[in-house]
Amino acid sequence: MARDLFKKCRDYSDSADARAQGFYPYFRCIEQSYGNHVVCGGEEKIMIGSNNYLGLAQDPRVVEAACEATRQFGAGCTGSRLLNGTISLHNELEEALAAFLGRESALLFSTGFFANQGALAALTEADDVILCDRENHASIIEGCQVAPARLVPYRHNSVDALRNRLKRIPEESGRLIIMDGVFSMSGDMADLPPMVKAAKEYDAIMYVDEAHSLGVVGPQGRGVVHQYGLNDDVEIVMGTFSKSFGSMGGFISGSHEMIEFVKHKARCFIFTASLAPAVVGGVLKALEIMQSEPERIEMLWRNTRMMHEGFKSIGFKIGSTQSPIVPILIGSEAKAFAFAQRLFEEGVFAIPAIYPAVRYGEAIVRTSFMSTHTEDDLDKVLDIFAKIARELGTFDDPVYTESGRRRNVFDFALPQRGGVEEVRVDSGNSSRNGSELHAAVSR
Ligand SMILES: Cc1ncc(COP(=O)(O)O)c(C=O)c1O
């Protein structure tokens, strides 16, 4: 008898179980957004779970540019860029991005996810190797799965691990090293200079995903590559519009010939409809504002510094973040869910991240800050975090006390809710159980 493809759907109960316990944190419906504040269920919440770093998603000039583009070109392009879907705004945005980043050319994709997938799949061949930081974003990992090349993960941000891998690659294989500029969960920055040096020594192409760094890091928000002055040493710079640009879509940038090749070969560029006029019009305006109002980036960093210091002074562990992404280490998955639920009840919108988005046993509440948060917003957030941590006993947990149990067993009782988290053991040994590779692959 043929396997019942829907059996797994009937058996799936994780989301229903979480809902039944009152801890389900996903798909929260936003009824109105003001950027730093949103309305959910008729109640206003401080939003610290968005990547709208410069508050541009709600900027009236961006909104008006999106409306104007819609009036001029319609609601959609109803076709692929290759065929009927290219409008003058697409070309204008590609030129503006290339000029902004000091690259020869840029190519838009319908999402940042597609940009990574399309470029990796188009540019690599069967005997090539993609060297991939273990904490790279899921779109990169998916891209590696679709690409014909072999995926070789290396320890997060470790140039020694990278060199070790590079040493073992057959001489004739093409090599591409790919990393997030700012990592989306930990918020730390790629240690680019030694990576670039290693890439040169081993004749590898460098590819940096600046999704979380454009509009945030570097002169006028030009990203990590510019921050380090390495624009001439990184062959491919990728970005998204779903963070600082306040919209959606993505792009890659680099040499004319590389872009010309990818635009004729990347399947997820060719076989999908182009970005809607409203998106492109809005992003063009956002790019203009990003460059003309540097005070936004200054405010973002003022808020970022305030939150790094604020969380640390309360006693939270925030890892090695160097950006507005501030992961609040909780440890237990159930507690991270409980924490996020209590935040929501107290008027703060933040999302927990659990394995495989983060390492097993290191669940976090992921917070991220904007230039448009007020001091009052941020003071309130810190007070509420402190209150909930005391209530849930967060600072007494092994992950905080470092009593030696970290990353071994997590078996916390959930205060006030009565549930007990399943005891789980993670040996942390990738060669024995493949969990690390699985984590990298699923992230
Ligand atoms: C580092 C990184 N790269 C790529 C993407 C995908 O971008 P998009 O949302 O435009 O598909 C994300 C999105 O979260 C990301 O964090």
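Scroll up a little and you will see the structure.
Rules and cut-offs
Residues numbered from 1 in each chain as written. Predicted model: local features only at pLDDT ≥ 70, side-chain atom pairs only at ≥ 80, totals over all residues. Heavy atoms only, no water. Helix = DSSP H or I, 4+ residues; strand = E, 2+ residues; numbered from the N terminus. Buried < 20%, exposed > 50% of the residue type's maximum accessible area, 1.4 Å probe, protein only. Contact = heavy atoms within 4.5 Å. Salt bridge = Lys/Arg side-chain N within 4 Å of Asp/Glu carboxyl O. Core = buried A, V, L, I, M, F, W, Y, C linked by side-chain atoms within 4.5 Å. Near = heavy atom within 4 Å. Polar contact = N/O pair within 3.5 Å; in protein donor to acceptor, adjacent residues only side chain to side chain. Areas by Shrake-Rupley, 256 points an atom, 1.4 Å probe, with all protein chains shown as cover. Nonpolar A, V, L, I, M, F, W, Y, C, P; charged D, E, K, R; others polar.

K.L.:
Explain the overall build of the protein chain to me, and be specific about the residues and the numbers.
P.N.:
In terms of regular secondary structure, the protein chain is built from 18 helices and 16 strands. Referenced to the eigenvectors of the C-alpha coordinate spread, the extents of the protein chain come out at roughly 60 × 55 × 55 Å. Among the 443 residues that make up the protein chain, the fraction classed as buried is 56%. When contacts within the protein chain are restricted to residue pairs at least 6 apart in sequence, long-range pairs at least 24 apart make up 70% of them.

K.L.:
Go over the pattern of salt bridges with me, naming the residues and quoting the values.
P.N.:
For the structure on display, the rule yields 23 salt bridges. Measuring nitrogen to oxygen at the nearest pair gives 2.6 Å for the salt bridge that ties K7 to D11. Residue K7 and its partner D11 are both found in helix α1 (residues 7–11); the two are separated by four residues, about one turn of the helix. On the basis of relative accessibility, which here comes to 46%, the residue K7 falls in the partly exposed class. We note a salt bridge from E288 to K285, for which the minimum N-O separation is 3.3 Å. Of the two residues, E288 and K285 are both situated in helix α12 (residues 277–292); the distance of three residues between them amounts to about one turn of the helix. Its relative accessible area of 46% is what places E288 among the partly exposed residues.

K.L.:
Any details on the nonpolar core? Residues and values, ideally.
P.N.:
Of all hydrophobic cores here, the largest spans 62 residues; its most connected members are I177 and L192. Looking at this core, the element that brings in the most residues is α12, giving eight residues. With residues near it in sequence (within four places) discarded, I177 still touches L131, Y154, L162, L166, A199, A204, I205, M206 and Y207. One finds F316, I328, F337 and L343 within the second-largest nonpolar core, a separate group that totals 34 residues.

K.L.:
Could you give an account of the site of the ligand, with specific residues and numbers?
P.N.:
Of all residues adjacent to the ligand, which total 15 residues, the nearest are G112, F113, D209, H212 and K243. F113 is positioned such that a nitrogen or oxygen atom in its backbone is 2.9 Å from an oxygen atom of the ligand. Contact distances for the ligand include 2.6 Å between a nitrogen atom and a side-chain N or O atom of D209. In isolation the ligand exposes 390 Å². Once the protein is present, 85% of that is buried. Sorting elements by how many residues they give to the shell around the ligand places helix α5 (residues 112–123) first, with three residues. Considered class by class, the residues forming the shell around the ligand number two nonpolar, ten polar and three charged.

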